[in-house]
Amino acid sequence: MTRTVKEGGAGRLHPLVDLRMDRAWFEELQSRIDRNGPWDDWTLYQLAMEAEHSRRIESFEELQCVRFLNGLEPMKHQTDTAVRVLHDMGGRAILADEVGLGKTIEAGLILKEYMVRGLVRKALILVPASLVLQWVRELNTKFGITAIAQKRAHTWNYDVVVASIDTAKRDPHRELLLGTDYDMLIIDEAHKLKNKKTTNYQFITQLRKKYCLLLTATPVQNDLEELYNLITLLKPGQLGGHGEFASNFVVGKRTPKNEGQLQEALSSVMIRNRRGEGDVKFTKRIVRNIPLQLSTEEMNLYEAVTTFVRERYEESGGNLTSMLSMVTLQREVCSSRDSVFLTLVNLFKKTAEDSPVRGKIWELIEVIKQIKSNTKAEKAMELVRESDGKVIIFTEYRATQEYLLQYFRGSDITAVPYRGGMGRGKKDWMMDLFRGRAQVMIATEAGGEGINLQFCSRIINFDLPWNPMRVEQRIGRVHRLGQTEDVQIYNLCTLGTIEEHIVNLLHEKINMFESVIGELDHILERFEQEETMEQRLARVLLEARDEKDLTQGIEHLGHSIRKYAEQPAETENTAMPEEAEAPAPRRGSRAARRHAINRLLDGASTIVEVDSP
Amino acid sequence: MNDKQIQRFVSRYVDATGSRIVEKSPAHMTVKLSPAADRELTNRPYYWSYVDRAGVEPETMTYLFVTDSKRYDEQQLRQAEAEASAELGALDQAAHDALSRSIGFVHGAINGVRTPREDLYFGSRKLDQLFEAARVGGSYVYLFQEPERRSLNPFDSIAYTAWLGVNLRVEFACDMKREEIHSYGISLATGNIQENFHERLSSLRLTPKLPANVHTARNGFTLARALATVEAHLEKKLRGADFSWAEGAARRLEEELAILAHYYEKMLESAEDEHKDAIAAQYETKRQEIRWQYEPRVTVSAINCGVFHLEGID
């Protein structure tokens, strides 16, 4: 009599370890013997064994995924991070590298490692909607992981799914996801989960997961509570109960105490890599301002608009907020007649029918009609033709974008648009076209995550935003890790206009274009405590009685920004240079809070040296 | 696996499935798939169900497998240049350049049958698919050793023993994992057990057909007994293994559970009654997650197995 073995055997191998023997193979073998086949091929049998040997995981420690990657050579701090998450953190971590150090790569390495080891099959990746396709593409191309962008209900059945959290938490998806065991959960831009009370936060708490990665460059922005909440999502209790956390680590809600201990606790769940001071080896930024003389017709329009705007300002009795759109008119003249025209038409519609302003607008439109060519567009075309490489042109205005697209098309240069309002599929498509056969991209949006244009090294600022952070964002799209060429930045600058002053301010006075990445936001934050840069500029512009006044006003602005820049962050809370006009951030002020929080994070970071590959 | 090993792997797969190599260099191979291989590799279930139902002659696909993409691309470029300079005069060249500038590179063979390119490197999806195809097509075998020498006397008969052969994968897992592969053969005549059995098999010539003039020894052992022998043997071996990894994992597990307990018990104490159930349920979920993550375990499963009739009685 043969003893039949139906179930897999199980027993203890060691006081702590279960042994499970799978016997499904044996039953199948027995049944094939009984039925006299079918039998498989001997060569394939050997090949299967060979494949198995090549994939075998020989050790607990050694990072396996690297030999499975083709063409991706992760940087040292990225593999170090992966190893720490795998070995010291058991696969649950906050990845909080500074922007540009490759959190996505680190998460990809960790996911791949677990997949290669057979510890993760089912993974859910929740990211902002605008990043879904980029994640899918990176996982597929860089890591050979078959990831699917969630589209329909049945997509959830795939092993690795990328979706937006807003979709995931909604019915009918919600129930499905809450009923699934995820081997791994990855959340990008996790700082959006800082508030415990939101539905997003509660949804993530309820998801069942084995390993979990939270990605954010800013794990805490204003309040230590945010950090506590993030960690609770990952490992409840890691910083103690809520009361304990508050009493052990927080003074007056905002300022950390027992900093050393807190940092130690943090480093068991969070990895933050920072760039070292000065060892950032980015390629160079070469800035050229291109002064342009407007044609007589264009200059006429500029002057007419300036007069119009000043009249309105005086009428309004110096009300700044209502005047911001007026200032826009002046800036638009420096960009294209199309954009002025559009704004004027809207203004016309908004103005009361019997208002004398209507007549004035009509006069302006007459002036516009005289303009036959666009000095800037001609120059931009010349710059594009000079180079065979890719060029990205940034403008602030939709109408200018449309105009330029037509203008380039008329000259047989392939140009594609890019703007904030496009759906994510279209954005991706435009990026692909630009990467492929289009020489020029004309963009109105530089912000938003996920535009990486390292393959392009020329930027034309057709016109400039008045917010320096936006200028930096533009440049940052191109001048980032992975850029191998020096980046050429052309600022088109029309002489005798407000633009000349702005370029002068940004370039000469605050040296914006070459400034060290990452510092600008700190400087601006301190500078903009009461009023934004844009508001200040508009005020200076409107209040200036003449050209000399304007020059002085802008001179003054530049001077005070420089003060902030030169004043090192460490001295914030101590004595200030006497001549500085800005008050030292008060204890409890936003800047001081920010400073305390940054110091805390910095203390829990690793400084890495990064070369541009 | 390096590119040479991958090439050898693919060549053997091609032979085994009756596919055909159309063209080959050290950097690539172009393969016309057999129907069997096509079913495994091309992800065309609808096409194949159509073929099966309509009973039409299947049109199998041809793949370009590139095993060394850098070298292959260089080869292609050199070849394209050579062809271009041979065919085109200076004027034509200029026209061709202009054309490719405006409409991109135009491949001469664009109207031919599409030959999809697959870069095969360790970790690539197509190679994984080939691995999977080998596993599916090579799980259970029943084979005979070809006799070493042919006996002169047609009435001589060589004695064969039937062996149960099995390749086992042993996974040591907690939040991390390590694997071992053990290969056993158990004589169904004597119960004799051999390690590294697969190596022994690999050195032999095996065939699915029963050779002439061969007789098999009586099986004194049932398959089930053979299985029990293998399992006992393996278990004994595993008991002697190093378990420090499991001790570490168990310690981490206890620590994590303690942290959770501290957090949730405090919370339960101070919670209002109406919330207690929800909190307790969440606590239990979190405990399960932690166990799932850290609990040390050893799992044994088969890679493949078979019955092998080998010369001699042992």
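Please read these numbers as outputs of a predicted model, since none were measured by experiment. (Residues numbered from 1 in each chain as written. Chains lettered and ligands numbered in written order. Predicted model: local features only at pLDDT ≥ 70, side-chain atom pairs only at ≥ 80, totals over all residues. Heavy atoms only, no water.)

Colleague: Which residues make up the overall build of chain A, and what are the values?
Modeller: Helix and strand counts for chain A come out as 24 helices and 18 strands. In chain A, buried positions account for 56% of the 613 residues. Intrachain contacts of chain A at a sequence separation of at least 6 include 73% that bridge at least 24 residues. Here chain A has roughly 27,200 Å² of accessible surface; of this, 48% comes from carbon and sulfur atoms. (Helix = DSSP H or I, 4+ residues; strand = E, 2+ residues; numbered from the N terminus. Buried < 20%, exposed > 50% of the residue type's maximum accessible area, 1.4 Å probe, protein only. Contact = heavy atoms within 4.5 Å. Areas by Shrake-Rupley, 256 points an atom, 1.4 Å probe, with all protein chains shown as cover.)

Colleague: Describe the interface of chain B and chain A, and please don't skip the residues or the numbers.
Modeller: The accessible area lost on association of the parts is a frequent measure of interface size. Taken together, the contacts link 83 residues of chain B with 79 residues of chain A. At the boundary of chain B with chain A, total buried surface from both sides reaches about 7,800 Å², with 64% on carbon and sulfur atoms. On the chain B side of the interface with chain A, the three residues burying the most area are Y140, M176 and W292 of chain B, jointly 10% of the side's total. Across the chain B-chain A interface, the total number found is six salt bridges. With a shortest N-O distance of 2.4 Å, R23 of chain A and E231 of chain B are connected by a salt bridge. One can count 27 residue pairs in polar contact (both at pLDDT 80 or more) joining chain B with chain A. The element contributing the most residues to the side of chain B that touches chain A is strand β11 (residues 297-311) of chain B, with twelve residues. (Buried area = accessible area lost by both parts, 1.4 Å probe. Salt bridge = Lys/Arg side-chain N within 4 Å of Asp/Glu carboxyl O. Polar contact = N/O pair within 3.5 Å; in protein donor to acceptor, adjacent residues only side chain to side chain.)

Colleague: Which residues make up the side chain of E106 of chain A, and what values go with them?
Modeller: Residue and element names in this part refer to chain A. Within the secondary structure, E106 is located in helix α4 (residues 103-116). The side chain of E106 is buried and forms no salt bridge, while K103, the nearest opposite charge, is found at 7.4 Å. In this structure E106 touches H77, Q78, T81, L95, D97, L101 and N273, once residues within four positions along its chain are discounted. (Lys, Arg positive; Asp, Glu negative; His and termini not counted.)

Colleague: Can you tell me about the pairing of strand β16 (residues 458-461) of chain A, naming the residues and giving the values?
Modeller: Regular strands place side chains that alternate from one sheet face to the opposite one. All names here are of chain A. Bridging between strand β13 (residues 391-394) and β16 involves four bridges; their strand directions are parallel. Its bridge partner being in β16, F394 is matched across the sheet by N461. Here β16 pairs with strand β17 (residues 487-494) via four bridges, running parallel. Looking at the pairing, R458 lines up with Q488 of β17. (Pairing = 2+ DSSP bridges.)

Colleague: Quick rundown of the pattern of salt bridges? Include the residues and the values.
Modeller: Tallied over the entire structure, the rule returns 45 salt bridges over all chains. Across the pair D159 of chain A and R121 of chain A runs a salt bridge whose closest N-O atoms are separated by 2.8 Å. With D159 of chain A in the loop between β5 (147-149) and β6 (160-164) and R121 of chain A in the loop between α4 and β4 (123-127), this residue pair connects regions lying 38 residues apart in the sequence. The class of D159 of chain A is partly exposed, set by a relative accessible area of 32%. Relative accessible area serves as the criterion here: at 52%, R121 of chain A is assigned to the exposed category. Across the salt bridge formed by R117 of chain B and D119 of chain B, the nearest N and O atoms sit 2.8 Å from each other.

Colleague: I'd love a proper account of the confidence of the model for chain B, names of residues and values included.
Modeller: All names here are of chain B. The predicted model of chain B averages 86 in pLDDT, with 89% of residues at 70 or higher. A low-confidence stretch, residues 102-112 (pLDDT under 50), is modelled with two contacts involving residues beyond four sequence positions or located in other chains. Interface scoring of the predicted complex returns ipTM 0.87; its pTM is 0.69. (pLDDT = per-residue confidence, 0-100.)

Colleague: Can you explain helix α11 (residues 259-267) of chain A? Please cite residues and give values.
Modeller: Residue and element names in this part refer to chain A. Taken as a whole, α11 has its buried residues at L262, Q263, A265 and L266. One face of α11 carries all of its buried residues, which in axial projection span an arc of 160 degrees. Counted as exposed and oriented over 90 degrees from the buried face of α11: Q261 and E264. (Arc of directions from axis to C-beta.)

Colleague: How would you sum up the nonpolar core? Please name residues and give values.
Modeller: Residues and elements named next belong to chain A. Among the nonpolar cores identified, the biggest contains 76 residues, and W135, L139, M184 and L213 are the most heavily contacted of them. Sequence-distant contacts of W135, that is, excluding residues within four places in its chain, are made with T104, A107, I125, V127, V162, I186, D188 and L215. Core analysis: the second largest hydrophobic core is formed by 65 residues, Y418, C456, I489 and I502 among them. (Core = buried A, V, L, I, M, F, W, Y, C linked by side-chain atoms within 4.5 Å.)

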